[in-house]
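An overview of the molecular structure
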Amino acid sequence: LYTGDRIVVLNSLFCDYEPGDVVVANAYNAQLNETLVKRVIATEGQRVDIDYDTGTVYVDGTPLEEDYIKEAMKVPNYGEGVNHVTVPEGCIFVMGDNRNDSADSRYPSIGIIDTRSVIGRAVMVLFPFQDFTLL
């Protein structure tokens, strides 16, 4: 997704979130006044471990295959942040696909997202028309 893309979002009342989903959420638990569009990495009860030396994200000990990542992940400028955690009940751990320029669950002021702050699941890019695709 790119800045300016218009996406169709399925209301959170009709969603169960799964790893790999792209979600839109309010950052209520942060000092940010932003709406986030991020990929679900893990859901409640799952363990997330991030190894910056290898650029690998593990969920429950299994490395994620992330063919949508375009460059090697580096340690963020705010430090390693939240990178070894078990996701609490009713929450999701999210990361941006542009890992080196993403304020996401690793960012201490955002952290793990309560599913009550999720607006919904992104299902397609609608505009610009040449980028129309299902997510």
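Structure: see above.
Residues numbered from 1 in each chain as written. Predicted model: local features only at pLDDT ≥ 70, side-chain atom pairs only at ≥ 80, totals over all residues. Heavy atoms only, no water.

**Notes on the pattern of salt bridges**
Note the cut-off: A carboxyl oxygen of Asp or Glu within 4 Å of a side-chain nitrogen of Lys or Arg is what we treat as a salt bridge.
Within this structure, the stated rule accounts for five salt bridges. A salt bridge links D49 to R47; its shortest N-O distance comes to 3.2 Å.

**Comments concerning the sheet that holds strand β6 (residues 62-63)**
Two modes of strand pairing occur in sheets, parallel and antiparallel, and in both the strands are linked by backbone hydrogen bonds. Inclusion rule: Strand pairing is defined by DSSP finding a minimum of two bridges between the two strands. Comment: elements are numbered from the N terminus, with helices defined as DSSP H or I runs of at least four residues and strands as E runs of at least two.
Pairing is antiparallel in the open sheet, where four strands are placed in the order β6-β5-β4-β7. Each edge of the open sheet carries a strand with a single partner, namely β6 and β7 (84-86). In this structure, strand β5 (residues 56-59) lies alongside β6, joined through two bridges in antiparallel fashion. In the sheet register, Y58 faces β6, and the bridge partner there is P63.

**Digging into the nonpolar core**
Considering soluble globular proteins, one finds that nonpolar side chains tend to be buried as a cluster. Rules: Nonpolar cores are built from buried Ala, Val, Leu, Ile, Met, Phe, Trp, Tyr and Cys residues. Side-chain atoms within 4.5 Å join them into one set. The buried label goes to any residue with under 20% of its type's maximum accessible area, the exposed label to any with over 50%, and the partly exposed label to all in between, with areas taken from a 1.4 Å probe on protein chains only. Residues are treated as being in contact if the distance between any of their heavy atoms lies within 4.5 Å.
Membership of the largest hydrophobic core comes to 14 residues, with the highest contact counts inside it found for V48, I50, V57, V87, F93 and M95. For this core, the secondary structure elements donating two or more residues are β3 (35-43), β4 (47-51), β5 and β8 (91-95). In this structure V87 touches A42, T43, E44, G45, Q46, V48, I92, F93 and I112, once residues within four positions along its chain are discounted.

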